[in-house]
Structure formats: C-alpha cells, structure tokens
Amino acid sequence: MKRLFLPLLLSGAVLGVLPLGANAASAPATAKYLCLIVLDAGRPDYITKNLSAMPNMRALLQHARFYDRAWVGDLMSITPPGHAVIGSGSLPKDDGGIVNWDWGIHSTGQISPTTQALANYQNGWVFKIIKDSGTPTLAGVIHKKYPKDLVIAGSGAHFHAAGPMGGPDASWIYSYDRSNGYWAPYTLGQHPVPATLLNDRSLRVPLVSSNGSTVPLLYDPLPIGQQDRLVVNFAIKSLQRYRPRGMMINLPEVDTIGHWSHNWYHDETILYRAFDSDLGRLVAAYKAAGIYNQTLFVVTADHGIIQSKHRVLDRDAVVNQIKSTLGQHSIILTNGGGSAGPTMTSIWLKNPADNAQMAKAIYAKHYDNVSAIFYIQHKGSQYYYNMAGCESCSPDLVKAYHYLLSTEAGPTGEDIAILLRENARNSGLPQMMGRHGGADWGSQQITLIFSGPGIQPGVSHHSGRLADIAPTIERAMGITPDARDGIVLADAFQHPTAADTARQTASDAKINVYVNALMARAQHDVYLEAHNQLPNFLPSNEQPVIHWKRRWAVTIVGAIVLLGTAVGLWWAVAEVRRQGTGLKWTA
C-alpha cells in the first residue's frame, strides 16, 4: 500500500454531491428488520474509488450515515475477534477472550484450540466461549424482542466470521465448502439450517479448474465475485422463504483478494462492482417482501488490510533472541493461526514473570519496522499492558496504543505485543502479500454505513468502532442497547436521545485523539517510506526467488562473457608473443 486513504476526500468530493433521500424524513423512526453486511477486510477506499460505477451503493448512500473515520478500535484486527465484537458490542477481553486465532494457556503451557478449525464450531467450542462469558449478543437481544422470529448469519468460506458474529444465539448459521465437486452450503454449529435451503441446487455451483485470477484456488475456488454472490443468493432465498428478523452476512472475497492477489486494486474493483450488483438484488428482495422501508441496512468491515512485499519485522530473529535468553522451550505461541505474520507480533511465554525483562530486551535491539513494544501484567483479576518502548512516538500515539491493548487485556491477551510501523508485517509466508491484525491505520480503518428508518443522512467524522455497531443497531430497532463496551452512535439518528448524545460526546473526546494519532503516524511513515528513510532488513528467507529461466539466462550470459574474456586474453598473449619475436634488448 503506497498511498493512504484520506477520509477528508470523501466528505466533499464523493458523498457531498449526493442528494438526500426524499423519504428520509417520512420514514418510520424505528427499524423492524436488520440486514447487516460485513465486507471482510473492506477498506473504505474500495468504495470511494469505485463509487461512480456503483449505482446501488450510491442509492443506498442517499439516505445513509457514512463514518469516514470508522475503525476497528480493538486488537487484534483479524476476522474471528472482529466478528465477535460486531455480533456482541463487547471488546475481546469481555466476549470470552477471543483475541486471536488461538492463544497461549499459561496454566498448561499449551496452545488453546483454534478458531481457525471448523471442528471447533461443529463441536460448539467457539459458541461456548462466547456464551460462558455472559456477554449479550446482537442475535440474542433481537430474539428477546421478537422471540418467534429468526436471526441468521452466514458466509462463504469464512466460517470463522459467520460463527463468532452469529454466536450462540443465532437461529442458524450457514457457510460454504467443497462437497462432491461443488461449492455448496452446510450448517455451521448445532442449529440446523433448513434442508430446503441446503438442498436447493440454485445455491451451489460446480468447482472450477481456474478462478481467472492470481488468487490460489485453495483460497477462492470460484471466479471473482461468485463466492460472495452465492452468500447473497442464500440470504435472498432465506428472506423469501422465512423472512428473518435479522440477517448478518459476511462476504469473504474482499479479504481473500487483499491477501493473495497480485493485481490488488484491479481485482478489488471487479469484486466491488459485482458486490454493487448483489446489493441491488438484495435491496430489491426486501422491496419485493414489502419490508424495505422497515429495514436497517448496515455495511461495514471487520478490519482493513495492507499489502507489504518488502517491509518486514524479522520475526525469526525475535524468536531466536527469546530462546537464547530464556531457553529453547520458553515460548508457548508466536502469533498463531499459521505461518503468516500479521501487522503485529503476539508472543505468549511459558513464564509470565519474564514478560517485562524480555520485552525490554527485544526493544533494546531496535528491530526494523517496530513501532512499539508492550508487555502484560496483572494484579489479581486486573490485567494491563506496560510499555517497554516506543520509537519516536508522540504522547497521543502512546495513549492510542495503550487504549487498543486494553481491549484485549485479560487472561488470553499476549504476554508481549510488538506493534509495527505502517505498511509493515511479520516475516513469514512472503507469497501472501496482504496483512492486517495490528494497530497500524491500514489494518484499523474500516467501512461503516447505516441506512434506513430514522437514520440521519450525511457524512460523520465521529470515530465509530466495531463495538459501537451492535448497540447502534439495537437503538435503531427500538431495543434498549445491551452491550458491555460499545456505545450508541447518536449522530446516526435524526432524533437521538440526550443520554446517547452526551455519551458519544464524552467518548469522542478520547477516541478522536487516538484516531488522530494513528492517522498522523501512518501518514508520517508513508512519507518516510517514500523517501527511503525507514530502515528495513529483509531476512534471507524473504529475498525474492530468482525464476529458473532468469537464472539460466544469467548463467548463459556469464558463461559467454567468461568465454569471450578467455578468448580475448588468449589472442592478446599470442599477439604479444608474435610481435616480440626477434627483438633484442639494448642497454
């Protein structure tokens, strides 16, 4: 990512020209239905750069609230934690401790089960974590108001998104996988999806031998846009047959392309124009059902994403430093979720008593692309992060980092958190260029749009978070908000309550400082990178691999040069000998 999305471009240049919906003032004050769409890794500039070719999105925005400084607002900024926060309004420390794909368990010295494994949804483990935390869920709160109605969730390949978002209280959750040569739906979790939907042949397609992109078939088994289209098709069929009170769907392809595509923005452009068509069909389905004017539409993302080919933290060097200091078996887990490294490094040590010493020792090395290093401590049940060091950080940036780490400060939080500079990533799996997960603005920025009854159209500069989505939806649906950590985004409403407005004003006084600091750091890092002022060591296993054709070409050219040099030298020697024959030396 060479350029950073600047939210100020949006307010005047893009959305400022859109007329307000004529029926905005006359629409019902309370929504009775919910359609929540999560564009996985949906950066806001994907929309703003393509808006001229997205007529259905433009139509939605005519009576929508668009948050141009929306952000994740917690850590880690990855799919399972993000969707758990969206589906509950509780931060990771309060929703069962879903802070990563998996995490270290100090009492056993082992790694937890992983949210990346389908088996841990089918056996109920992930849902039990959320339920046992006692956190209210959006699905559960809607069920309380409408006990006879359905609240459903779904995704394509990202069961690890639909599961945490729907949580234990969803009526049923669907996802997609390979099955007998088809990309087909299945029931996720222990609440069965109706067989009429699972057996509907229009909701499955044959697998293909090529998806027409640079994304590996393992991660996107269909042409660009088709996987997301099936998710929407399933939602439309569900609406037509069962009219759920709430639908929460994750569209995974935005994330997949961001991670793997070699034609990043080109492919995202294709995908977003396909999404616009799907959005139009979804809106048409609500209109055909006669409930469009009673429906709240929310379009958001679980995290942002960056693509970084050459700016890395040498994670192996950090791990080797820890092992050489504390011992070869001193680490429970580094990062988690596979060999790829996100835009921060999370380390769980076997002995938390080593946290402070080790974090400070790592910071003293001043590894390239590190922004700050923190370590966790606790007094009884109170967990908190202390800073080992921060590279050229403003006081406000330190506050922002402290706030973000506080959102995961609990028994599952990492012992050592290494936050990276903008557009930097951990070493590991270099062919996966797209990364997210950290406190960098590229990972934190998200899309956030509310459209429907009682919503105040326009652009908001408030820094809405993932945790604020559930309580804002609940208020829009006439439900008393029941979220542990999020607040109602009062400015989203034509007639906000005084209490909601006061709480948002108080929140803004702190949150805006954090967002301003993260954006300023990002802009400065992008400037430094453009002027080659950020040091960057590239580990040997991250060096570009020379293609065999190029290697042969270099070898052949080298051989020709060597042969030519030898021939030239032979000729020169022979010539000297020829010309020197018969000559005599004189005094």
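Please read all numbers here as calculations on a predicted model, not as lab measurements. (Residues numbered from 1 in each chain as written. Predicted model: local features only at pLDDT ≥ 70, side-chain atom pairs only at ≥ 80, totals over all residues. Heavy atoms only, no water.)

Engineer: Before we go on, may I ask you to explain the side chain of Ser330 in this structure?
Structural biologist: Within the secondary structure, Ser330 sits in the loop between helix H13 (315-326) and strand S13 (331-334). Classification of Ser330 by relative accessible area gives buried; the value is 8%. Polar contacts involving the side chain of Ser330 include one to the main-chain carbonyl oxygen of Gly327, which spans 2.8 Å. Non-local contacts of Ser330, meaning those with residues more than four positions away in its chain, are made with Ile322, Lys323, Leu349 and Lys350. (Helix = DSSP H or I, 4+ residues; strand = E, 2+ residues; numbered from the N terminus. Buried < 20%, exposed > 50% of the residue type's maximum accessible area, 1.4 Å probe, protein only. Polar contact = N/O pair within 3.5 Å; in protein donor to acceptor, adjacent residues only side chain to side chain. Contact = heavy atoms within 4.5 Å.)

Engineer: Even after reading the chapter, I still don't get helix H6 (residues 125-133), so can you show me in this structure?
Structural biologist: Since the α-helix advances by 3.6 residues per turn, residues separated by three or four positions end up pointing in the same direction. Within the span of H6, buried status applies to Val126, Phe127, Ile129, Ile130 and Ser133. Buried residues along H6 cover an arc of 155° about the axis, so they all sit on one side. Counted as exposed and oriented over 90 degrees from the buried face of H6: Lys128, Lys131 and Asp132. Close packing links the buried residues of H6 with helix H5 (119-122), helix H8 (159-166) and strand S6 (172-179). Directly beyond the C-terminal end of H6, a positive phi value near 80° is found at Gly134. (Arc of directions from axis to C-beta.)

Engineer: Sorry, what's going on with the state of the cysteines here?
Structural biologist: As used here, a disulfide is simply a covalent bond connecting the sulfur atoms of two cysteines. This structure, assessed with the given rule, holds one disulfide. Here Cys390 pairs with Cys393 through a disulfide, and the sulfurs are 1.8 Å apart. Its torsion about the S-S bond being -75°, the disulfide of Cys390 and Cys393 is classed as left-handed. (Disulfide = S-S within 2.5 Å.)

Engineer: Looking at this model, I keep getting lost on the sheet that holds strand S14 (residues 344-349). Mind explaining?
Structural biologist: Whether parallel or antiparallel, the strands of a sheet pair through hydrogen bonds between backbone atoms. The strand order across the open sheet formed by five strands is S13-S14-S17-S15-S16, and the pairing between neighbours is antiparallel. Taken across any chain shown, the strands that pair with only one partner, and hence form the sheet edges, are S13 and strand S16 (382-390). The average angle at which neighbouring strand axes cross in this sheet is 20°, direction not considered. Here strand S15 (residues 370-379) runs beside S16; their pairing, made up of eight bridges, is antiparallel. If you follow Ile376 over to S16, its bridge partner there is Tyr385. (Pairing = 2+ DSSP bridges. Axes fitted to C-alpha atoms, helices over the stretch in contact; angles between N-to-C directions.)

Engineer: Explanation requested: the nonpolar core in the structure shown.
Structural biologist: For soluble globular proteins, the rule of thumb is that nonpolar side chains tend to be buried together. Ile37, Met57, Tyr174, Phe234 and Tyr286 are the most contacted members of the largest nonpolar core, which totals 57 residues. Considering every element that reaches this core, the biggest residue donor is helix H12 (residues 264-288), with nine residues. Discounting chain neighbours no more than four positions away, the residues touching Tyr286 are Leu34, Cys35, Leu239, Met247, Ile291, Tyr292, Thr295 and Phe297. Ala139, Met165, Ile173 and Leu489 belong to the second-largest nonpolar core, a separate cluster that totals 47 residues. (Core = buried A, V, L, I, M, F, W, Y, C linked by side-chain atoms within 4.5 Å.)

Engineer: Hey, could you run me through the pattern of salt bridges in this one?
Structural biologist: Pairs may arise between side chains of opposite charge once their charged atoms sit close together. As enumerated under the stated definition, the model contains 14 salt bridges in all. Among the ionic pairs, Arg65 bridges to Asp491, the shortest N-O distance being 3.2 Å. With Arg65 in strand S2 (residues 64-67) and Asp491 in the loop between helix H17 (469-476) and helix H18 (498-530), the pair connects residues that are 426 residues apart, well separated along the chain. For Arg65, a relative accessible area of 12% gives the class buried. Arg241 is paired through a salt bridge with Asp200; the nearest N and O atoms lie 3.1 Å apart. Here Arg241 is found in helix H10 (residues 226-242), whereas its partner Asp200 is found in the loop between helix H9 (195-198) and strand S8 (205-206), with 41 residues between them in sequence. The class of Arg241 is partly exposed, set by a relative accessible area of 41%. Relative accessible area serves as the criterion here: at 10%, Asp200 is assigned to the buried category. Counted as one network, the salt bridges with shared partners bring together Asp200, Lys237 and Arg241. (Salt bridge = Lys/Arg side-chain N within 4 Å of Asp/Glu carboxyl O.)

Engineer: Just checking my understanding: could you explain the packing of H13 against helix H14 (residues 355-364) for this structure?
Structural biologist: Packed helices, taken two at a time, are described by the angle between their axes plus the distance between the axes. As a packed pair, H13 and H14 sit with axes 11 Å apart at the nearest point and diverge in direction by 135°. Here H13 lies oblique to H14, going by the angle between them. The way H13 lies across H14 gives a crossing that is right-handed. Contact with H13, carried on its side by Val318, Gln321, Ile322, Thr325 and Leu326, involves Gln357, Met358, Ala361 and Ile362 of H14 and no other residues of that element. (Parallel < 35°, antiparallel > 145°, perpendicular 65-115°, else oblique. Left-handed = near helix turned anticlockwise from the far one by under 90°.)

Engineer: Explain the packing of helix H4 (residues 79-86) against H8 to me, please; I cannot follow it from the model alone.
Structural biologist: Contact geometry of H4 with H8 gives a least axis separation of 7 Å together with a crossing angle of 25°. As far as their axial angle goes, H8 and H4 are roughly parallel. Relative to H8, the crossing made by H4 is right-handed. When H4 is examined against H8, the residues Thr79, Pro80, His83, Ala84 and Ile86 are found in contact with a partner set consisting of His160, Ala161, Pro164 and Met165. The residue inventory of the contact of H4 with H8, partitioned by class, reads six nonpolar, three polar and no charged. (Nonpolar A, V, L, I, M, F, W, Y, C, P; charged D, E, K, R; others polar.)

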